[in-house]
Amino acid sequence: MANFILIGICILAGIFFRKSKTLPKDAHKGINAWIIYVALPAVSFKYLPHITWTKDLLFPALAPVVVWMFGWLFITLYSQFRNISKATSGGLKLISSLSNTSFVGFPLIIAYFSEKELAIAIICDQVTFTLLSTIGIIVAIRSSQQQKLNVKLVLKKVLTFPPLIGCILALTVPRYIDLSALDVLFDKLAGTVGPLALFSIGLQLKFGGWFGEIKHISFALLFKLILAPLAILMIALLLGMNGIITKITIFEMAMPTLLTAGVVADQYNLNPKLSNLVVGLGILLSFITTAIWWFVLTQFGLF
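Residues numbered from 1 in each chain as written. Predicted model: local features only at pLDDT ≥ 70, side-chain atom pairs only at ≥ 80, totals over all residues. Heavy atoms only, no water.

**A few points about the overall build of the protein**
Defined as follows: Helical segments are the DSSP runs of H or I of at least four residues, strand segments are the runs of E of at least two, and each set is numbered from the N terminus. For the radius of gyration, the atoms used are the C-alpha atoms, and the globule rule reads 2.2 Å times the number of residues raised to 0.38. Working definition: with a 1.4 Å probe on protein chains only, accessible area under 20% of the residue-type maximum means buried, over 50% means exposed, and in between means partly exposed. In what follows, residue pairs with any heavy atoms lying within 4.5 Å of each other are defined as contacts. Exposure was quantified through the Shrake-Rupley algorithm and a 1.4 Å probe, taking into account, for residues, occlusion by the shown protein chains and nothing else. Positive charge is attributed to Lys and Arg, negative charge to Asp and Glu, and no charge count is given to His or to the chain ends. We put the charge of a Lys on NZ, of an Arg on CZ, of an Asp on CG and of a Glu on CD.
When you go through the protein residue by residue, the secondary structure sums to 14 helices and zero strands. Put simply, the protein runs from its N terminus to its C terminus through helices and strands in the order α-α-α-α-α-α-α-α-α-α-α-α-α-α. Computed over its C-alpha atoms, the radius of gyration of the protein comes to 19 Å, within 12% of the 19 Å expected for a compact globule of 303 residues. Referenced to the eigenvectors of the C-alpha coordinate spread, the extents of the protein come out at roughly 55 × 50 × 45 Å. For the protein, buried positions account for 52% of its 303 residues. The contacts in the protein between residues at least 6 apart in sequence include a share of 87% that link residues at least 24 apart. Carbon and sulfur atoms make up 68% of the accessible area of the protein, which totals about 14600 Å². Across the protein, the centroid of the 23 positively charged side chains sits 14 Å from that of the 11 negatively charged ones.

**Concerning helix α12 (residues 244–253)**
Burial analysis of α12 places nine of its 10 residues in the buried class, which makes it a mostly covered element. Among the residues of α12, Ile-245, Thr-246, Lys-247, Ile-248, Thr-249, Ile-250, Phe-251, Glu-252 and Met-253 are the ones counted as buried. In the core, the buried residues of α12 are packed alongside α3 (58–82), α5 (105–112), α6 (118–144), α11 (214–239) and α14 (272–299).

**Digging into the pattern of salt bridges**
Quick note on the threshold: Between Lys or Arg on one side and Asp or Glu on the other, a salt bridge is scored when a side-chain nitrogen of the former is within 4 Å of a carboxyl oxygen of the latter.
For the structure shown, the criterion picks out three salt bridges. The shortest N-O distance in the salt bridge between Lys-46 and Glu-115 comes to 2.6 Å. Of this pair, Lys-46 sits in helix α2 (residues 27–47) while Glu-115 sits in the loop between α5 and α6, and the two are 69 residues apart along the sequence. Among the charged side chains, a salt-bridge network with shared partners connects Lys-46, Glu-115 and Asp-187.

**Details of the side chain of Thr-101**
For clarity, the cut-off: Any pair of nitrogen or oxygen atoms within 3.5 Å is treated as a polar contact; in protein, a donor-acceptor pairing is required on top of that, and neighbouring residues in sequence qualify only through side-chain atoms on both sides.
Mapping Thr-101 onto the fold places it in the loop between α4 (86–97) and α5. Looking at Thr-101, its side chain comes within polar contact range of the side chain of Asp-125, at 2.7 Å.

**What about a nonpolar patch on the surface?**
Rule in force here: For patches, a residue must show more than 30% relative accessible area and have no salt bridge; joins then use 9 Å for like charges and 5 Å for nonpolar side chains, namely Val, Leu, Ile, Met, Phe, Trp and Tyr.
Residues Trp-72, Leu-73 and Leu-77 make up a contiguous nonpolar surface patch of about 300 Å² in total accessible area. Structurally, the position occupied by Leu-77 is in helix α3.

**Thoughts on the packing of aromatic side chains**
To keep it simple, the criterion reads: To pair, rings of Phe, Tyr and Trp, with the six-membered ring standing in for Trp, must have centres within 6.5 Å; the planes then decide the type, stacked if under 30 degrees apart, edge-to-face if over 60, and tilted in the middle.
Inspection of the entire model under this criterion finds nine aromatic pairs. Arranged with centres 5.4 Å apart and planes meeting at 25°, the rings of Phe-74 and Phe-223 form a pair that is stacked. One end of the pair, Phe-74, is in helix α3; the other, Phe-223, is in helix α11, with 149 residues separating them in the sequence. Judged by its relative accessible area of 3%, Phe-223 falls in the buried class. Arranged with centres 5.3 Å apart and planes meeting at 75°, the rings of Phe-113 and Phe-251 form a pair that is edge-to-face. A residue pair is termed long-range when its members are at least 10 positions apart, and Phe-113 in the loop between α5 and α6 and Phe-251 in helix α12 qualify at 138 residues. Each member of the pair, Phe-113 together with Phe-251, is buried. By the ring-pair criterion, three or more aromatic residues cluster together here, those being Phe-74, Tyr-78, Phe-219 and Phe-223.

**Focus: α11**
Quick note on the threshold: Helix span, expected: 1.5 Å multiplied by one less than the number of residues in the helix. Axes are fitted to the seven residues ending at a residue and to the seven starting at it; the angle between these axes is taken as the bend at that residue.
In this model, α11 (26 residues) spans 36 Å end to end at C-alpha, consistent with the 38 Å of a helix rising 1.5 Å per residue. Maximal helix bending in α11 amounts to about 40°, located at Leu-227; proline Pro-229 follows within four positions. Phi turns positive one or two residues past the end of α11, at Gly-240, with a value near 70°.

**Focus on the nonpolar core**
Which entries qualify depends on this criterion: Take the buried Ala, Val, Leu, Ile, Met, Phe, Trp, Tyr and Cys residues and link them wherever side-chain atoms come within 4.5 Å; each set so joined is a nonpolar core.
Among the nonpolar cores identified, the biggest contains 64 residues, and Phe-106, Ile-201 and Phe-251 are the most heavily contacted of them. Looking at which element gives the most residues to this core, the answer is α2, with nine residues. If near-sequence neighbours (up to four positions away) are discounted, Phe-251 is found in contact with Leu-108, Ile-109, Tyr-112, Phe-113, Thr-290, Trp-294 and Leu-297. Counting residues in each nonpolar core, the second largest holds 16 residues, with Leu-132, Leu-258, Ala-265 and Tyr-268 among its members.

**Observations concerning the packing of α11 against α14**
Which entries qualify depends on this criterion: Note on geometry: axes are lines fitted to C-alpha atoms, helical ones only across the stretch in contact, with angles between N-to-C directions running from 0 to 180 degrees. Orientation is classified from the angle alone, with under 35 degrees giving roughly parallel, over 145 giving roughly antiparallel, 65 to 115 giving roughly perpendicular, and any other angle giving oblique. Helix crossings are classified by the rotation of the near helix relative to the far one: an anticlockwise turn of less than a right angle makes the crossing left-handed, while a clockwise turn makes it right-handed.
Running from amino to carboxyl end, α11 crosses α14 at an angle of 40°, the nearest separation of the two axes being 9 Å. By the criterion of interaxial angle, the relationship of α11 to α14 is oblique. Judged by the twist between their axes, the crossing of α11 over α14 is right-handed. Judged by residue contacts, His-216, Ile-217, Ala-220, Leu-221, Leu-225, Ile-226, Pro-229, Leu-230 and Leu-233 of α11 engage Leu-274, Leu-277, Val-278, Leu-281, Gly-282, Leu-285, Ser-286, Thr-289 and Trp-293 from α14.

See below:
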């Protein structure tokens, strides 16, 4: 219960400070910079060196790829049926197919399961960002037609992303250097992810003008919050998978839209109003839908 109270306090605090204009307009950017450049790499160093790598960990690595493929197909068919613009279609693909596996996912995993399960979530998160930085950027460029596809730019975005660098270093450096003396530091830094991520979300939540986009919003959130995790659940059942890795993977795929996907949609002018609404409303609705998914995963004896 304490974790849920903390979640509510952090988000409400963010909303309060945004409306009161106490903080600068772009204060969330500084907070996000701390999370991306410091806190998330610390999470990798805290958990990844202690993971026992098995073939079961392929599931959290492949799940985001499967969700992306299904999302791309779902939105492509919807776009043809509704005859919507290329820009809106591209924006919907970005915001429907990528899960918020860290900013929302990490705090909710701690609340519903335990902090040690973040090691599994990190795998989902790194694959999710790689998808955004490669295929996501390609979709954004092709949908906006603002600039030509630049392979060097895509590679630079992937290879210079701090959490990915942290992930690679956390998997390699401890094999040669004993970093146990820094465990307390990594623990303190990693502990800032949840509260600051939720506070940042509160600073960015906006809901004005949602009714005019209700059809697009409904289809995007239907896939992101319901159909995406359902697809991964069905695959797990068909493969006869079980255990905590399976549960965490499905739970991560039930998260709302990746915040950075909304930022990319805004940068490439892919109906940014729609993207921001899906991000904001999705986060709020996800507190209800993830509770339902947690109940399904833990109480129905599926795994």
